[in-house]
Amino acid sequence: MSPLLLLPAVDVVNGQAVRLTQGEAGTETCYGHPLEAARSFVEAGAQWLHLVDLDAAFGRASNAELLKEITQELPINVELSGGIRDDASLARALDAGARRVNLGTAALENPDWTRCVIQEFGDRIAVGLDVRGQTLATRGWTRDAGDLFEVIDRLNEAGCVRYVVTDVARDGMLSGPNVELLKRVCAATDAAVVASGGVSSLADIAVLRDLVDLGVEGAIIGKALYAGAFTVAQALAVASGESNT
């Protein structure tokens, strides 16, 4: 079995690393400077970082220069997300050194542009599918945006090679990943799937590793790391199959 790829998350609001509860603005818990958080993940052996500009996602500000600093300073692959909705913001993210970008709102609201950038940039483009039940959410999870599987069909046709699937109800709740949702998404596409939301324990990571053969490529881990539920090193050992829990 192939290892599960782990992406520790650093979400940024007003220049600080934060975690939200169910993606709601105003529920931030602050964890200090995002560069220090990211550096700690690198030092623990992480190969990827999921770096999110939440201010840009909510359309209220930008932390672009700070995210660029983090991306260029640290020897790690960065998946950059938040507010990437047009040519200018996409170019800024890629020029900052991001290995790939995660499109959210734009992928749902501007399908023609999304199709073009998928064709141009290939596997440097992932699409974030943020879900409540079977309904997609956009604009920082503040608006409904249609049926999950109808959108997947459209994006499959556009050539999307990777989806980042977030169960909004579980994000920041430490309630475990939505395994059934992930299985349904994997069954609906040949693209790689990155799981997001709910990981609370090493056992959860083991469960996601068991889905690799179905198409789950990786998992984003946030609050559990900040809360000290386990270390990056422990998580990597389980994700690689070196340890069960």
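Quick notes on the rules
Position numbers for residues count from 1 along each chain, tracking the sequence in the order it is written. The predicted nature of this model means local features are confined to residues of pLDDT at least 70 and side-chain atom pairs, given and counted, to a pLDDT of 80 or more, with totals for whole chains, interfaces and linings taken over all residues. Excluding hydrogens and water, the side-chain figures rest on all heavy atoms present in the structure. Runs of H or I in DSSP of at least four residues are treated as helices and runs of E of at least two as strands, each being numbered from the N terminus. Contacts were defined at the residue level, with two residues in contact if any of their heavy atoms lie within 4.5 Å. In these tables, accessible area is a Shrake-Rupley quantity obtained with a 1.4 Å probe, and a residue counts as shielded only by the protein chains included in the view. Two residue types count as positive, namely Lys and Arg, and two as negative, namely Asp and Glu; His and chain ends fall outside the count. We put the charge of a Lys on NZ, of an Arg on CZ, of an Asp on CG and of a Glu on CD. Only protein atoms enter the 1 Å grid, on which a cavity is a set of points fitting a 1.4 Å probe that cannot get out and a pocket is an open set with protein on both sides within 12 Å along at least 5 of 7 lines, lining residues being those with an atom within 4 Å of a point. Grid points are joined across faces, edges and corners, and a volume is the space filled by probe spheres set on the points. Under this scheme, a helix contributes an axis fitted over its contacting stretch, all axes are lines through C-alpha atoms, and angles between N-to-C directions fall in the 0 to 180 degree range. Each helix crossing is assigned a hand: it is left-handed if the near helix lies turned anticlockwise from the far helix by less than a right angle, otherwise right-handed if that turn is clockwise. We call Asp, Glu, Lys and Arg charged. Ala, Val, Leu, Ile, Met, Phe, Trp, Tyr, Cys and Pro are nonpolar, and the rest, Gly among them, are polar. In this scheme, a residue with accessible area under 20% of its type's maximum is buried, one over 50% is exposed, and one in between is partly exposed, where area comes from a 1.4 Å probe on protein chains only. Directions are taken from the helix axis to each C-beta atom, and the arc is the one they span. Ring pairs are drawn from Phe, Tyr and Trp, using the six-membered ring of Trp, whenever the two centres fall within 6.5 Å, and their geometry is named by plane angle: stacked under 30 degrees, edge-to-face over 60, tilted for the rest. Polar contact is defined as a pair of N or O atoms within 3.5 Å, subject to the rule that within protein one atom must be able to donate a hydrogen and the other to accept it, and that residues adjacent in sequence are counted only when both atoms are side-chain atoms. Every case where a carboxyl oxygen of Asp or Glu lies within 4 Å of a side-chain nitrogen of Lys or Arg is listed as a salt bridge.

S.K.: Can you tell me about the overall build of the protein, naming the residues and giving the values?
M.R.: Looking only at helices and strands, one finds 11 helices and 12 strands in the protein. In the protein, the proportion of contacts linking residues at least 24 apart, taken out of those at least 6 apart, comes to 68%. Surface exposure of the protein reaches about 10,000 Å², of which carbon and sulfur atoms provide 45%. Positive and negative side-chain charges of the protein, numbering 20 and 33 respectively, have mean locations separated by a distance of 1 Å.

S.K.: Can you tell me about empty space enclosed by the protein, naming the residues and giving the values?
M.R.: All told, the structure shown has 3 cavities of 30 Å³ or more when counted by the stated rule. The volume enclosed by the second largest cavity comes to roughly 60 Å³. Every residue along the wall of the second largest cavity is listed here: V165, D167, P177, N178, L181, L182, A195, S196, G197, V199, L208 and I220.

S.K.: Please set out the packing of helix α7 (residues 148–158) against helix α8 (residues 179–187) residue by residue, giving values where relevant.
M.R.: It is at 10 Å that the axes of α7 and α8 come closest, and there the two elements cross at 35°. Crossing of α7 over α8 shows right-handed handedness. In this structure, α7 contributes L148, F149 and I152 to the contact, and α8 contributes L181, R184 and V185. Residue composition of the contact of α7 with α8, grouped by class: 5 nonpolar, no polar and 1 charged.

S.K.: Please give an account of the environment of S175 that cites residues and values.
M.R.: Examined against the element boundaries, S175 turns out to sit in the loop between β10 (162–167) and α8. Residues S175 and S201 lie 26 residues apart in sequence; the distance between their C-alpha atoms is 9.4 Å.

S.K.: Please set out helix α6 (residues 111–121) residue by residue, giving values where relevant.
M.R.: Every buried residue of α6 is accounted for by W113, T114, V117 and I118. Within α6, the buried residues cover an arc of 135° as seen down the axis, which keeps them to one side. What points out from α6, more than 90 degrees from its buried face, is the exposed set D112, Q119 and E120. Those residues of α6 hidden inside the fold are in contact with α4 (87–95), β6 (100–103), α5 (105–109), β7 (125–132) and α7. Residue G122 follows α6 closely and has a positive phi angle near 55°.

S.K.: How would you sum up the packing of aromatic side chains? Please name residues and give values.
M.R.: Tallied over the entire structure, the rule returns 2 aromatic pairs. Considering the side-chain rings of Y31 and Y226, the 4.7 Å spacing of their centres and the 40° angle between planes classify their relative orientation as tilted. With Y31 in the loop between β3 (29–30) and α1 (34–43) and Y226 in helix α10 (residues 223–226), this pair connects stretches of sequence that are 195 residues apart. By relative accessible area, which is 17% here, Y226 ends up buried. Ring centres of F41 and Y226 lie 5.9 Å apart, and the angle between their planes is 80°; on these two criteria the pair is classed as edge-to-face.

S.K.: Describe α7, with residues and values.
M.R.: Each α-helix winds once per 3.6 residues, and so residues spaced three or four apart point in a common direction. Among the residues of α7, those classed as buried are L148, F149, V151, I152, L155 and A158. What you see down the axis of α7 is that its buried residues fit within an arc of 165°, all on one side. Of the exposed residues in α7, those oriented more than 90 degrees away from the buried face are E150 and E157. Structurally, the start of α7 carries an N-cap: the backbone nitrogen of F149 is 3.0 Å from a side-chain oxygen of D147. Following α7 by one or two positions, G159 has its phi on the positive side, about 95°.

S.K.: Lay out the side chain of T189 with the relevant residues and their values.
M.R.: Position of T189 among the secondary structure elements: in the loop between α8 and β11 (192–196). Polar contacts involving the side chain of T189 include one to the side chain of N156, which spans 2.8 Å. Among the polar contacts made by the side chain of T189, one reaches the main-chain amide nitrogen of A191 at a distance of 2.9 Å.

S.K.: Lay out the pattern of salt bridges in plain terms, naming residues and giving numbers.
M.R.: Note that side chains of opposite charge can pair when their charged atoms are close. Tallying each qualifying case throughout the model produces 8 salt bridges. The residue R115 makes a salt bridge to D112 at a minimum N-O spacing of 3.1 Å. One end of the pair is R115 and the other is D112, both in helix α6 and 3 residues apart, which spans about a single turn. When its relative accessible area of 31% is taken as the criterion, R115 is described as partly exposed. Connected through shared salt-bridge partners, E36, R39 and E73 make up one network.

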